[in-house]
Amino acid sequence: MLFAHDTEYGLIATAALVNTTGDHGEALPDVAALDAFFAAHGWTGRHEHTDAELRSVRDLRPRLRRIWHAETDEIVDIVNGLLREAGALPQLVRHDDEPYHLHAVPRDAPLATRMAVEAAMALADLVRSGELSRLRVCDHPDCDNVLVDLSKNRSRRYCDASCGNRAAVTAYRARRAATRP
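A brief structural summary. (Residues numbered from 1 in each chain as written. Predicted model: local features only at pLDDT ≥ 70, side-chain atom pairs only at ≥ 80, totals over all residues. Heavy atoms only, no water.)

Focus: the side chain of histidine 95
Alright, step 1. Tracing the chain through its elements places histidine 95 in the loop between β1 (91-93) and β2 (101-103).
Alright, step 2. For histidine 95, a relative accessible area of 16% gives the class buried.
Alright, step 3. A polar side-chain atom of histidine 95 sits 3.0 Å from a polar atom in the side chain of aspartate 96.
Alright, step 4. Separated by 2.9 Å, the side chains of histidine 95 and arginine 107 make a polar contact.
Alright, step 5. Contacts of histidine 95, omitting those with residues within four sequence positions, involve Thr44, His101, His103 and Arg107. (Helix = DSSP H or I, 4+ residues; strand = E, 2+ residues; numbered from the N terminus. Buried < 20%, exposed > 50% of the residue type's maximum accessible area, 1.4 Å probe, protein only. Polar contact = N/O pair within 3.5 Å; in protein donor to acceptor, adjacent residues only side chain to side chain. Contact = heavy atoms within 4.5 Å.)

Observations concerning the side chain of aspartate 144
Alright, step 1. For aspartate 144, the location among the structural elements is in the loop between β3 (135-137) and β4 (146-148).
Alright, step 2. The side chain of aspartate 144 is buried and forms no salt bridge, while arginine 65, the nearest opposite charge, is found at 4.3 Å. (Lys, Arg positive; Asp, Glu negative; His and termini not counted. Salt bridge = Lys/Arg side-chain N within 4 Å of Asp/Glu carboxyl O.)

Thoughts on the environment of histidine 24
Alright, step 1. With respect to the helices, strands and loops of the structure, histidine 24 is situated in the loop between α1 (5-18) and α2 (31-40).
Alright, step 2. For the pair formed by histidine 24 and cysteine 143, sequence separation is 119 residues and the distance between their alpha carbons is 7.9 Å.

With respect to the layout of surface pockets
Alright, step 1. Taken as a whole, the largest pocket spans an internal volume of roughly 440 Å³.
Alright, step 2. Taken together, 24 residues line the largest pocket, and the ones lying closest to its centre are Gly42, Thr44, His101, His103 and Glu118.
Alright, step 3. Those elements that place two or more of their residues in the lining of the largest pocket are α1, β2 and α5 (111-128).
Alright, step 4. Looking at which element gives the most residues to the lining of the largest pocket, the answer is α1, with 6 residues.
Alright, step 5. One number sums up the size of the second largest pocket: a volume of about 170 Å³.
Alright, step 6. Leu11, Ile12, Ala15, Ala16, Asn19, Asn145, Val146, Leu147, Val148, Arg156, Cys159 and Asp160 together form the lining of the second largest pocket. (1 Å grid on protein atoms, 1.4 Å probe; cavity = no way out; pocket = protein on both sides within 12 Å on 5 of 7 lines; lining within 4 Å. Points joined across faces, edges and corners; volume = space filled by probe spheres on them.)

Brief notes about the packing of helix α4 (residues 72-86) against α5
Alright, step 1. Their axes nearest at 9 Å, the elements α4 and α5 cross at an angle of 140 degrees. The orientation of α4 relative to α5 falls into the category oblique. Pair α4 / α5 crosses with left-handed handedness. Residues Ile75, Val76, Val79, Leu82, Leu83 and Ala86 of α4 pack against Thr113, Ala116, Val117, Ala120, Met121, Leu123, Ala124 and Val127 of α5.
Alright, step 2. Here the residues of the contact of α4 with α5 are counted per class, giving 13 nonpolar, 1 polar and no charged. (Axes fitted to C-alpha atoms, helices over the stretch in contact; angles between N-to-C directions. Parallel < 35°, antiparallel > 145°, perpendicular 65-115°, else oblique. Left-handed = near helix turned anticlockwise from the far one by under 90°. Nonpolar A, V, L, I, M, F, W, Y, C, P; charged D, E, K, R; others polar.)

Looking at unusual backbone geometry
Alright, step 1. Unlike most non-glycine residues, aspartate 96 shows phi in positive territory, near 50 degrees.
Alright, step 2. Mapped onto the elements, aspartate 96 comes out in the loop between β1 and β2.
Alright, step 3. Residue classification places aspartate 96 among the partly exposed residues on the basis of a relative accessible area of 47%.
Alright, step 4. If you check the backbone angles, arginine 154 has positive phi at about 55 degrees while not being a glycine.
Alright, step 5. The residue arginine 154 is located in the loop between β4 and α6 (161-179) in this model.

Written out as structure tokens, the structure is:
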């Protein structure tokens, strides 16, 4: 493990949230999709299952996506803004059979606020450890998804296996075409 478990979870969930919108369309079209996202990424605490909550989560995505394209000082401004707006006060907590980890807002804070703060706390760890290069955009030319490279050798290039497979097939076909007379 390169980072604390809550940092890794926060980074993965942040990238997944950013990737719910983009060239591939809207992946959070309704409250049911938000419910599924909430469950898939292990979120706990308050979840209102409302259109207002869905809108606030959707409104967070452009701000988080900006982080993948920004320089360090702008990332720090975004992270500090997210923490300041939420009135974040980091504390060690343990729940749901998880080891101690940091929460910076109460479990009953609005979902979008908790998502913003979790992202900010995880990103703060990347800034502090000089690891912002782990934030990347998928290398596939038809994909605008973001990813977090948590590999030890920093070799991850694609957001998921499908983009990696499409790139491999394209490269194979190009090599094969080049060898034909």
